[in-house]
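Residue strings, one per chain:
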Amino acid sequence: MTADVDMADASVVAASKVQDPPKEEPTPVSLTEEIELAFGLLQKAAANFDNRYVSKVHRDLGGLRRRIVEDPNTLALVIAKTLPVEHPSRNTLLSQLPKTQVDAPTSGDVLPEINVFMHLLVQLYLLDTHELDRLDEFNKHVIALLASYNRRTLDFALVKVWFYVARTHELRGDLYLIRPALLAALRTATLRHDDETTAMVINLLLRNYLLTHEISQAANLCEKVVFPTNAANALTARYYYYLLRINTIQLDYSQAHECVVAAIRKAPQTQLATGFLQAATKLNIIIELLMGDIPELKVFKSTSGNLEPYFQVTKAVRLGDLKLFGEVLNKYEAVFVKDDNFTLVSRLRQNVIKTGIRVISLSYSKISLRDICIKLHLDSEEATEYIVSKAIRDGVIEASLNHEQSYMKSKELLDVYSTKLPQEDFDQRIRFCLSLHNDSVKAMRYPSDDSKTELAKNNLESRDDEMGLLQAIEDGDLDDFME
């Protein structure tokens, strides 16, 4: 028999338990410390030639710029403490910020990465406070400063700076004045093999041309330049978006469809890219309708945003109802104009007519042109005859037209597998899969030659240690080896 164990009182047990200390809330970082922390990361980037530190600084830029708008005096204080008195950028930067009194350092070198970053912060402050005239004058100094540097650790910073320079001119409405500077920046970045800046400047030029409706200029630029293959996905997605707009306006719908699929696939899958994905999806719907296809219903359900106007347009095209199409176009004209898609949607009128003629040809073996004119709400029988004859010539319908007796006679429905349609669809899918495979291969990252050398050196050292340990075990001198 085992003795009973006395159970301690519950209160004693509860009191004996060690209570966890309350968790302390993290101390909020001041604006000065946050800016100085960014300076430290930029120093690491310059010392190690590693742009990952620069990327981290730019990822935290959104919260930093909001705090600077609330407290610009802190930014002025940090700049005054960082830049020496004789530094050429000191007075230019401080003149754009509230005046502050601080003992400035009399000497010391400031890294170009930190200098450009301070210019970027001042740019953001002037942009967020809507001081566009002052920002335009300040950008002239920034452009001159960028021309004086040639460092690869500045590539990511140049992308941001050039974007806000072009954004300033776009908001002020003087798009033509920035083009010479952008073209010069493109030439310089190409010669220096600065892929990030090259990709950004190409996108800025294409956006500039599209905003001024100079489509031929944008198309010529795309033919003359080579977009960097290893640019960031966000820049690549934007480039494909501009390409699809150019190709759509130039009636090259098949190429535009490939571009819009690539743009949606390359776009960042984050909340910040929602607006871009909505714009690309709207264009994708229009392009599919222009190509004679009907988008799937899940496209309108899975994508957030107001797609009701495009759903109604798709419905009118699918039914081939020209009257319904006109009502939808009048009702949602303001939405289409805001999206800059009104001209493209207006082109769908011919597709509505073709769809209506196809439905009629499947429903009637023989029908007069007058009845077709009434059903499709066309202007006259003569116009109806021209439209039906063009549909027959384009292969939209399989029918014949009798001009003397004014009627259309449908032919027997052919086997779809005896035509080229299955081959074209299969070819399209193969090209899509090959394009996806090529993009995946290009996106793969391999260690550089320096990393391979360092890795091989570490492996050799570990192998020498292992051989030394085995030799020590055989000789019986394990204790000496461990020491």
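An unreviewed UniProt entry lists the chain under the name PCI domain-containing protein, with Candidozyma pseudohaemuli given as the organism. Listed under Sequence similarities (unreviewed entry) in UniProt, the entry text for the chain is "Belongs to the proteasome subunit S3 family."

**Student:** Talk me through the state of the cysteines; I want residue IDs and the actual numbers.
**Tutor:** For the structure shown, the criterion picks out zero disulfides. Its sulfur unpaired, Cys-222 is 9.0 Å from the next cysteine sulfur, which belongs to Cys-259. With relative accessibility at 18%, the residue Cys-222 sits in the buried group. We classify Cys-259 as buried; its relative accessible area is 3%.

**Student:** Give me the packing of helix 2 (residues 31-48) against helix 3 (residues 52-59): which residues, what numbers.
**Tutor:** Running from N to C, helix 2 and helix 3 cross one another at 160 degrees; their axes reach a closest spacing of 8 Å. Comparing the axis directions of helix 2 and helix 3 gives the class roughly antiparallel. The hand of the helix 2/helix 3 crossing is left-handed. The segment helix 2 lies against helix 3, with Ala-38, Leu-41, Leu-42, Lys-44, Ala-45 and Asn-48 engaging Tyr-53, Val-54, Lys-56 and Val-57. Here the contact of helix 2 with helix 3 is built from residues that sort into seven nonpolar, one polar and two charged.

**Student:** Pulling in residues and values, what's your account of helix 2?
**Tutor:** End to end, helix 2 covers 26 Å across 18 residues, agreeing with the expected 26 Å (1.5 Å per residue, within 8%). Every buried residue of helix 2 is accounted for by Leu-31, Ile-35, Ala-38, Phe-39, Leu-41, Leu-42, Ala-45 and Ala-46. Buried positions in helix 2, seen along its axis, are confined to an arc of 160 degrees and lie on one side of it. Residues of helix 2 that are exposed and point over 90 degrees away from its buried face: Leu-37 and Ala-47. Considering only its buried residues, helix 2 is in contact with helix 3, helix 4 (61-70), helix 5 (72-82) and helix 7 (112-128). Following helix 2 by one or two positions, Phe-49 has its phi on the positive side, about 55 degrees.

**Student:** Residues and numbers for a nonpolar patch on the surface, please.
**Tutor:** On the surface, a cluster of nonpolar side chains totalling about 300 Å² of accessible area is made up of Phe-426, Ile-430 and Leu-434. By the element assignment, Ile-430 lies in helix 24 (residues 421-443).

**Student:** Explain the pairing of strand 3 (residues 407-410) to me, and be specific about the residues and the numbers.
**Tutor:** Bridge analysis of strand 1 (residues 366-368) against strand 3 gives three bridges, and the strand direction is antiparallel. Within the sheet, the bridge partner assigned to Lys-366 lies in strand 3 and is Lys-409. For strand 2 (residues 399-402) and strand 3, the ladder comprises four bridges, and the chain directions are antiparallel. In the sheet register, Leu-401 faces strand 3, and the bridge partner there is Met-408.

**Student:** Explain the sheet that holds strand 2 residue by residue, including any values.
**Tutor:** Within the open sheet, the three strands sit side by side as 1-3-2. Their pairing is antiparallel. Every interior strand has two partners, whereas the edge strands, strand 1 and strand 2, have only one. Looking at each pair of strands side by side, their axes are set apart by 20 degrees on average, direction ignored. Against the sheet, helix 23 (residues 381-393) contacts strand 2 and strand 3, and its axis sits at roughly 150 degrees relative to strand 2.

**Student:** Help me get a handle on unusual backbone geometry, residues and values and all.
**Tutor:** Positive phi outside glycine occurs at His-213, with the angle close to 60 degrees. Locating His-213 in the fold gives a position in the loop between helix 11 (195-211) and helix 12 (215-224). Taking relative accessible area as the criterion, His-213 reaches 59% and is therefore assigned exposed. Backbone geometry places Asp-340, a non-glycine residue, at a positive phi of 60 degrees. You can see Asp-340 is positioned in the loop between helix 19 (333-338) and helix 20 (342-346).

**Student:** Outline the packing of helix 22 (residues 369-376) against helix 23, supporting the account with residue identities and numerical values.
**Tutor:** To characterise two packed helices, one gives the angle between the axes of the helices and the distance between these axes. Direction vectors running N to C along helix 22 and helix 23 enclose 95 degrees, while the axes themselves pass 9 Å from each other. Our classification of the angle between helix 22 and helix 23 gives roughly perpendicular. Facing helix 22, whose interface residues are Leu-369, Arg-370, Ile-372 and Cys-373, helix 23 presents Glu-381, Thr-384, Glu-385 and Val-388. Tallied by class, residues from the contact of helix 22 with helix 23 come to four nonpolar, one polar and three charged.

**Student:** Tell me about the packing of aromatic side chains, and please be specific about residues and values.
**Tutor:** One pass over the structure, following the stated rule, counts seven aromatic pairs. On the basis of an interplanar angle of 10 degrees and a centroid distance of 4.2 Å, the ring pair of Phe-227 and Tyr-239 is categorised as stacked. Remark: Tyr-239 occurs in helix 13 (residues 233-249) and Phe-227 occurs in the loop between helix 12 and helix 13; sequence separation between them is 12 residues. Here Phe-227 matches Tyr-239 in class, with each residue buried. Taken together, a centroid distance of 5.9 Å and an interplanar angle of 65 degrees make the contact between Tyr-241 and Tyr-242 edge-to-face. The residues Tyr-241 and Tyr-242 share a single accessibility class, namely buried. Ring-pair connections join several aromatic residues into one group, and the members of that group are Phe-227, Tyr-239 and Tyr-240.

About the thresholds
- Residues numbered from 1 in each chain as written.
- Predicted model: local features only at pLDDT ≥ 70, side-chain atom pairs only at ≥ 80, totals over all residues.
- Heavy atoms only, no water.
- UniProt positions renumbered as here; feature names shortened; annotations may be inferred.
- Disulfide = S-S within 2.5 Å.
- Buried < 20%, exposed > 50% of the residue type's maximum accessible area, 1.4 Å probe, protein only.
- Axes fitted to C-alpha atoms, helices over the stretch in contact; angles between N-to-C directions.
- Helix = DSSP H or I, 4+ residues; strand = E, 2+ residues; numbered from the N terminus.
- Parallel < 35°, antiparallel > 145°, perpendicular 65-115°, else oblique.
- Left-handed = near helix turned anticlockwise from the far one by under 90°.
- Contact = heavy atoms within 4.5 Å.
- Nonpolar A, V, L, I, M, F, W, Y, C, P; charged D, E, K, R; others polar.
- Expected span 1.5 Å × (residues − 1).
- Arc of directions from axis to C-beta.
- Patch = residues over 30% accessible without salt bridge, like charges linked within 9 Å, V, L, I, M, F, W, Y side chains within 5 Å.
- Areas by Shrake-Rupley, 256 points an atom, 1.4 Å probe, with all protein chains shown as cover.
- Salt bridge = Lys/Arg side-chain N within 4 Å of Asp/Glu carboxyl O.
- Pairing = 2+ DSSP bridges.
- Phe/Tyr/Trp six-rings, centres within 6.5 Å; stacked < 30°, edge-to-face > 60°.

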